[in-house]
Amino acid sequence: MFPPAMAGYDRAITIFSPEGKIYQVEYAGEAVKRGWPTVGVKCKAGVVLTAEKRKISALFDSSSLEKIYLIDEHVAASPSGLLADARILIDYARDVALSHRFIYDEPIDVEFLTKAVCNLKQQYTQFGGARPFGVALLIAGVDRHGARLYQTDPSGVYIGYFATAIGAESGTITEFLEKNYKFDMEMGECIELALKALASAVEITDSANVEVAYATIEEKKMRKMSQDEVASLLTKLGLLKKS
Amino acid sequence: MFPPAMAGYDRAITIFSPEGKIYQVEYAGEAVKRGWPTVGVKCKAGVVLTAEKRKISALFDSSSLEKIYLIDEHVAASPSGLLADARILIDYARDVALSHRFIYDEPIDVEFLTKAVCNLKQQYTQFGGARPFGVALLIAGVDRHGARLYQTDPSGVYIGYFATAIGAESGTITEFLEKNYKFDMEMGECIELALKALASAVEITDSANVEVAYATIEEKKMRKMSQDEVASLLTKLGLLKKS
Amino acid sequence: MFPPAMAGYDRAITIFSPEGKIYQVEYAGEAVKRGWPTVGVKCKAGVVLTAEKRKISALFDSSSLEKIYLIDEHVAASPSGLLADARILIDYARDVALSHRFIYDEPIDVEFLTKAVCNLKQQYTQFGGARPFGVALLIAGVDRHGARLYQTDPSGVYIGYFATAIGAESGTITEFLEKNYKFDMEMGECIELALKALASAVEITDSANVEVAYATIEEKKMRKMSQDEVASLLTKLGLLKKS
Amino acid sequence: MFPPAMAGYDRAITIFSPEGKIYQVEYAGEAVKRGWPTVGVKCKAGVVLTAEKRKISALFDSSSLEKIYLIDEHVAASPSGLLADARILIDYARDVALSHRFIYDEPIDVEFLTKAVCNLKQQYTQFGGARPFGVALLIAGVDRHGARLYQTDPSGVYIGYFATAIGAESGTITEFLEKNYKFDMEMGECIELALKALASAVEITDSANVEVAYATIEEKKMRKMSQDEVASLLTKLGLLKKS
Amino acid sequence: MFPPAMAGYDRAITIFSPEGKIYQVEYAGEAVKRGWPTVGVKCKAGVVLTAEKRKISALFDSSSLEKIYLIDEHVAASPSGLLADARILIDYARDVALSHRFIYDEPIDVEFLTKAVCNLKQQYTQFGGARPFGVALLIAGVDRHGARLYQTDPSGVYIGYFATAIGAESGTITEFLEKNYKFDMEMGECIELALKALASAVEITDSANVEVAYATIEEKKMRKMSQDEVASLLTKLGLLKKS
Amino acid sequence: MFPPAMAGYDRAITIFSPEGKIYQVEYAGEAVKRGWPTVGVKCKAGVVLTAEKRKISALFDSSSLEKIYLIDEHVAASPSGLLADARILIDYARDVALSHRFIYDEPIDVEFLTKAVCNLKQQYTQFGGARPFGVALLIAGVDRHGARLYQTDPSGVYIGYFATAIGAESGTITEFLEKNYKFDMEMGECIELALKALASAVEITDSANVEVAYATIEEKKMRKMSQDEVASLLTKLGLLKKS
Amino acid sequence: MFPPAMAGYDRAITIFSPEGKIYQVEYAGEAVKRGWPTVGVKCKAGVVLTAEKRKISALFDSSSLEKIYLIDEHVAASPSGLLADARILIDYARDVALSHRFIYDEPIDVEFLTKAVCNLKQQYTQFGGARPFGVALLIAGVDRHGARLYQTDPSGVYIGYFATAIGAESGTITEFLEKNYKFDMEMGECIELALKALASAVEITDSANVEVAYATIEEKKMRKMSQDEVASLLTKLGLLKKS
């Protein structure tokens, strides 16, 4: 048997390999694995996302770059992978959510939104002439079914988790989460667990490079913490390293 | 003669091999064989589907993922293979069923629905620029002709069975069914046979990872069992293993 | 000279080989040769089709699968080759026949119908971006010109025969027909000849796996025999083997 | 220099070879050379076409297959090469002739008709995404300019002849024609010459396998001989061999 | 450096070679060089075209084939190269000339017409999916600017000449012209020069195989000589050889 | 493992490499690195762009070529890379900014404008049939959020910086900026820093080859310095070398 | 590293090489270098274009071929490279200029016109399915900004010059210009410089093969010199060689 590179099974999304794999979709997953990490945790009280923005240069203006995007009042998303691809999907998600409010006059269900985004992703894994989206998204929110947390991948699959991570070091972070997760947490505990999980894998040296967003089941509002809030929380938890 | 990999007959769905095979469609079948197993059984009393959801992570929220989808009041479908592809076909099937009710004011025949889904699949095996759907579906329901159970494959072929299985370990399950199947079963026996067949090949350690849906000829309604019902049935049958 | 595989003449329907052959169309013919056999015979009294459905599994529901399709009141067709492709052509033939009745208020001529189906097939042998239909059809019927029996192949050619067979073992069946055929047969003799020809090449162990349809010149109606009729005929002719 | 097969100049109609040849069009010509032969002869009295239908099987129904097609009252065509391709061109020619009658209320000139068919053929030799028509046609008729006989080839070229042949053995037939042709023939002599030319290359064992059509300058009607007429003519000329 | 065949620069019109050549266009020029020769000469009195039609078979009906086409009352064109391609361009030229008359109620300028034809040719040298026209045209006529003679090639370039030739043996013919040309000729001398130039390279054995068309500046009408006129002129000039 | 050149992962933007990279986008980045350098700096007082135009010939008319383009009253952009590509993006940016003013009657936010340009760039990295834009842009301006400075790259990613450089020698310039940057600068200091940074990497011999544009937070107007202003500033700073 | 020919980076305009080059565009530049030379010079008094038409045959009618094209009253263009491509761009430029007059009732700015032509060129360097234009243009004119002279290349870049040359021997001509150019010339001197520059590289043996067009700042009219004017000027300057 040839390796896929020689046999050419990995040259197009319109080609299955003899094992039934679509290598281009799997390679797109590699772009995700090299992305900045993002963590999501849900509990009985709500759901939280936290993400790292790497200091790519001393003169990088971290305030100019978002890593967690509000999609609608009650739902947010955070990508890992190709940032330009992510932007396209975030815009698409916002359009879907806005249309839903406009047509039905109510917030969109988080799963319904996730499915719409993933159906778009799926199209890019079946038809030639384009490449798959090289990006995974954590989509988190609170709707009439409670707290929701979905992980989507470049193939267009989405799966619900109690806690999960994508991007670089996601293995380490997931391991931390599996050891320390419990469903019965208050919102504060839940946020702390997410930050600790992130810090278990990446060294946080500047609070400006961390974003946090959460929503409680009571409020059903996704809010992003201010940089000051993040800074004091990181300090309180002793997660801020001197670089 | 070259193996298909070297001769390139397996690089596109628009190419027949010298033996008249379309290798890309056969490779798509490999994606099905690696999917989570699904079992379908019909009897004089009705028809049942049961499927496994694998625990892909300790923090996986199994309630967020469906393996058996209700298509209409009287019919359900359960896929094996690429989950993102399956979603597209399930949505398509629901559209077809809904349109039928809207236009004719009566439930769609199960075979007619199956044929519509398979005609879509066939298109993806004849025209270039896309790949076949990497998914098989069991479609089960009760209509004016009685209980119906169809297995569809990536080529767009569908065939009726009294009992069948798709996905990983489907060989073992089918063997079990062939040994134990009889047409004269009540609904309860039929459901039990399906669960036992599933358990013959996969170890069930959490009732939350098993779904069951059935329809009786009298009621012509497909209903999904609650998780509690599934749990007590598995316990009663002694099919629940400690992991 | 290279074999076509090395020279690549067999990679697309838009390429002639140096001998003027379109290899992809010939390869599609191989899919036909691997299909379940179908037999057609016409005589002074009418025309008959008979076909085998193979028992692909012990739990296969043979009643769920048709091998001979009624196209209109006076004409039927039976395919060999890729079943999903056949379905598309059968649907197309039904559309053509129905439109003809609707527009001209009379049954379509069998040859005109056959030509329409074959013109569609031809398109798929001349234009890139799709593959030929991997299916042959026997089309049989009675119209104002009398009994008609056409064999179509993947290239879009159709030819009239007094008796013919397609699919696996068609060589053996044709040989049997050539030895035993005469034009002056009554309908009953004609049906028996067709069944004997089929049985000359395949072992019939279950009457449920054989379909028969015939039309007489007087009635101009194509009717499919019930399973009971087939069973008693096979028994009477001693063609039913114990498996 | 490479042979065209290695250099790939013969893989597409959109590629000229270094000598300015389009090999795919030349290969299409090979399909013509393997076709059943057709002969055309014109004289001062009119024009005749005659063609062979080969007995491809003992049970072949030769009456079901035409080799000479009436296009309009005054013109006929006979193909050699891929029969399914021929059918498409014949239908096209009939459409063109019919439209002409409808719009101008007069019979179409034979050359104008021939040019329309050949312009269609030319398109298939210049644009990618399809293959050339693998068929040559003799188009014969009588119009206001007198008797006309054109030979068309897959490249879209048409050329007028006094007498010519296409298909298998056309070399032998043409040689016979060159030796025996004179312009000053009556219709009867002309038909006999055509049949003798055909018989010079192929053994005629069944009059049902030969078709003849002719038109005289006076009548301007193309008529196909009945099978009886053909049979008695072949017998009279001693051209019918016992097989 | 590779020869273009190995490096593949000659496989598409959308590819420049490293020297800035488009080989496919140059190869199309080879088809022109293998075409039957055509000669054009202009002088103070007018312009003439003369062309050879080769006797491709003893039974070839040379009256059925034109080599010089009237485009409009005042302009004619004569091609060398692929005849089917030429026909497309001739039809196009006639459309352009006719539209011009219709819209402006005056004869089209010969250069404007030539440019329109060459712009069409150019398109086929820049866009993929088709091949260049394998044909050159001499376009000759008389308009308000006087006598005009243009040579077009497959690249879409056109250039004016006092006298020129295209097709097989055009080198020999051009040499003859260069030696014998003078601008101050009467129409008769000009026609004779053209015929002599043609005869300098090809043996004329049948006056039916030569065409002549000319236009004088006074009349501004392009007229084709009758076969009798051509015959007597060839005889008078002693250019007719016994074959 | 093969280098990407041999494995072909770098032949199309629709192909991911096994590491999840899109090589064609990375190669487009090389065109940027060979472009003339451009520098951007923002501070508490505003934002400045400065760029070099290389003297490509002694008779080059530097006044005919812009390197910094005004997009709207409050925003400018300066490209490095393929100049023809840059022009397309600049025109697009101007359209977007103008439409915004027309629809909302207010200046467009700099980030919103940047995102629109980058979304266009992203499209050219996902769909086949075109290549990515081989150009990076610095987009600078002052809006209701203050001074803004974004760097965009061929992948469609944009990132905010306090100071940055693109094009040839951007590494040297960035190093200079990192050593000397502080946020608390007046506009004058900021402009001087930008010019010194540019001069740290390229020898300025003619003030006509340097462009400067800046905007202060108070005025919110982007203005380009006249050539005289640039000349006197360069002289004052001692940055003008004799060539 | 492979040479581009082996690695295939030079096979399409949709492929960047690892150095960020688009080889097909560079190869198109080679077609320009093989074109007949064109010279442009601007001065305080105006702008001039002069170009050579090579005597490609003794019977070539040089008056039938333009090398300098008037685009509008105040602007002209002269190409080097593929002449058929040039014609397309010249027509396009005339359309743009005419539309501008029609819509705004004023002459188009020379740079705006140049940009329009170059934007069209750029499209052919980014999208597949066509090749770049193998032609460079000098565009010269006088508008409200004064005398303008732009050189465009196949990539779609345009740059202003005081004096420049394109086509064969442009290196020699440019060298001559650099040595002898000064801005303070009257129109006459400017024209003479341009002719001398041309003559420095090519031997002028026939004044009919040289074209000159110029515009003064006062008149803002581009006028082409008559052949007589050119002849006497060449004679006066002693630039006419006996061949």
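Refer to the structure above for everything that follows.
Residues numbered from 1 in each chain as written. Chains lettered and ligands numbered in written order. Predicted model: local features only at pLDDT ≥ 70, side-chain atom pairs only at ≥ 80, totals over all residues. Heavy atoms only, no water.

1. Quick word on the packing of aromatic side chains
Basically, it comes down to this: Any Phe, Tyr or Trp ring, taking Trp's six-membered ring, that has another such ring centre within 6.5 Å forms a pair; planes under 30 degrees apart are called stacked, those over 60 apart edge-to-face, and the others tilted. We count a stretch as a helix when DSSP gives it H or I for four or more residues in a row; a strand needs E for two or more, and each element gets its number in order from the N terminus. Throughout this description, the term charge over a ring refers to an Arg CZ or Lys NZ atom that lies within 6 Å of the ring centre and within 35 degrees of the ring normal.
With the rule as written, the count across this model stands at 55 aromatic pairs over all chains. Their ring planes at 55 degrees and their centres at 6.0 Å tell us that Y23(C) and Y27(C) sit as a pair that is tilted. Here Y23(C) and its partner Y27(C) are both found in helix α2 (residues 23-33), 4 residues apart, which amounts to about one turn of the helix. Taken together, the ring pairs in this structure connect Y9(A), Y23(B) and Y27(B) into an aromatic cluster. The ring centre of Y9(F) lies 4.6 Å from the NZ or CZ of R11(A), which sits over that ring.

2. Regarding the sheet that holds strand β5 (residues 135-143) of chain D
Residue and element names in this part refer to chain D. In plain terms, the rule: Two strands form a pair only when DSSP identifies at least two bridges running between them. The axes are straight lines fitted to the C-alpha atoms, using for helices just the contacting stretch, and the angles between their N-to-C directions are given from 0 to 180°. In this analysis, two residues are considered to be in contact whenever any of their non-hydrogen atoms come within 4.5 Å of each other.
Here we have 5 strands laid out as an open sheet, ordered β3-β4-β5-β6-β7, and antiparallel in their pairing. Both edges of this open sheet fall to β3 (69-72) and β7 (158-160), since each of them pairs with a single strand only. Along the sheet, successive strands turn relative to each other by an average axial angle of 25 degrees, direction set aside. Bridging between β5 and strand β6 (residues 146-152) involves 7 bridges; their strand directions are antiparallel. Looking at β6, one finds that V142 is bridged to A147. Its contacts with the sheet put helix α4 (residues 110-126) on β3, β4 (75-81), β5, β6 and β7, and the angle it makes with β5 is roughly 160 degrees.

3. A word on the interface of chain D and chain E
The condition that has to hold: Buried area counts how much accessible surface, traced with a 1.4 Å probe, disappears from two parts once they are put together, with both parts' losses summed. What counts as a salt bridge is simple: a side-chain nitrogen of Lys or Arg found within 4 Å of a carboxyl oxygen of Asp or Glu.
Chain D puts 38 residues into the contact, and the matching count from chain E is 33 residues. Of the roughly 2900 Å² buried where chain D meets chain E, counting both sides, 58% is carbon and sulfur surface. Between K42(D) and D61(E) there is a salt bridge, and its shortest N-O distance comes to 2.7 Å. Contributing elements (two or more residues each) for the side of chain D that touches chain E: α4, β7 and α5 (170-180) of chain D. A per-element tally of the side of chain D that touches chain E places α4(D) first, with 8 residues.

4. Some words on the packing of helix α5 (residues 170-180) of chain E against helix α6 (residues 187-199) of chain E
All names here are of chain E. What counts here: Small angles under 35 degrees read as roughly parallel and large ones over 145 as roughly antiparallel, with 65 to 115 read as roughly perpendicular and the rest as oblique. Handedness of a helix crossing follows the sense of rotation of the near helix relative to the far helix, less than a right angle counterclockwise being left-handed and clockwise being right-handed. Nonpolar residues are Ala, Val, Leu, Ile, Met, Phe, Trp, Tyr, Cys and Pro. Charged residues are Asp, Glu, Lys and Arg, and all others, Gly as well, are polar.
Relative orientation of the contacting elements α5 and α6 amounts to 140 degrees, with a least axis distance of 8 Å. Our classification of the angle between α5 and α6 gives oblique. For the crossing formed where α5 meets α6, the hand is right-handed. For the pair α5 and α6, the contacting residues are I173, F176, L177 and N180 in the first and L193, K196, A197 and L198 in the second. Here the residues of the contact of α5 with α6 are counted per class, giving 6 nonpolar, 1 polar and 1 charged.

5. Some thoughts on the sheet that holds strand β1 (residues 38-42) of chain E
All names here are of chain E. Judged by pairing direction, the sheet is antiparallel, and its 5 strands sit side by side in the order β8-β1-β2-β9-β10 without closing on themselves. Two strands bound the open sheet, and with one partner strand each, they are β8 (163-166) and β10 (222-224). Averaged over all pairs of adjacent strands, the angle between strand axes in this sheet comes to 15 degrees, irrespective of strand direction. Here 4 bridges tie β1 to β8, and the two strands are oriented antiparallel to one another. When the sheet's bridge partners are listed, V41 is paired in β8 with A163. Against the sheet, α6 engages β1, β2 (46-52) and β9 (210-216), with an angle of about 25 degrees to β2.

6. Some thoughts on α5(D)
Residues and elements named next belong to chain D. As a reminder of what qualifies: Three exposure classes are used, based on accessible area relative to the maximum for each residue type with a 1.4 Å probe and protein chains only: buried under 20%, partly exposed in between, and exposed over 50%. To obtain the arc, one takes the directions from the helix axis to the C-beta atoms.
Within α5 the residues assigned to the buried category are S170, I173, T174 and L177. For α5, the arc enclosing every buried residue in end-on projection is 100 degrees, short of the 170-degree limit, so these residues lie on one face. Lining the buried residues of α5 we find β1 (38-42), β8 (163-166) and α6 (187-199).

7. Topic: the interface of chain B and chain A
Spelled out, the test is: Throughout this description, a polar contact denotes any pair of N or O atoms lying within 3.5 Å of each other; where both atoms belong to protein, one of them has to be capable of donating a hydrogen while the other can accept it, and for residues adjacent in sequence the pair is counted only when both atoms sit in side chains.
Between chain B and chain A, the residue contacts involve 33 residues of the former and 38 residues of the latter. Buried area between chain B and chain A, summed over both chains or domains, comes out near 2900 Å², and the portion from carbon and sulfur atoms is 58%. A per-residue breakdown of the area chain B buries against chain A is headed by L59(B), R87(B) and R131(B), which together make up 26% of the total. Run the count over chain B and chain A and you get 2 salt bridges. The partner of K115(A) in a salt bridge is D91(B), with the nearest N and O atoms 3.1 Å apart. Seen at the junction of chain B and chain A, the total is 15 residue pairs in polar contact (both at pLDDT 80 or more).

Keep in mind these values describe shape, not function.
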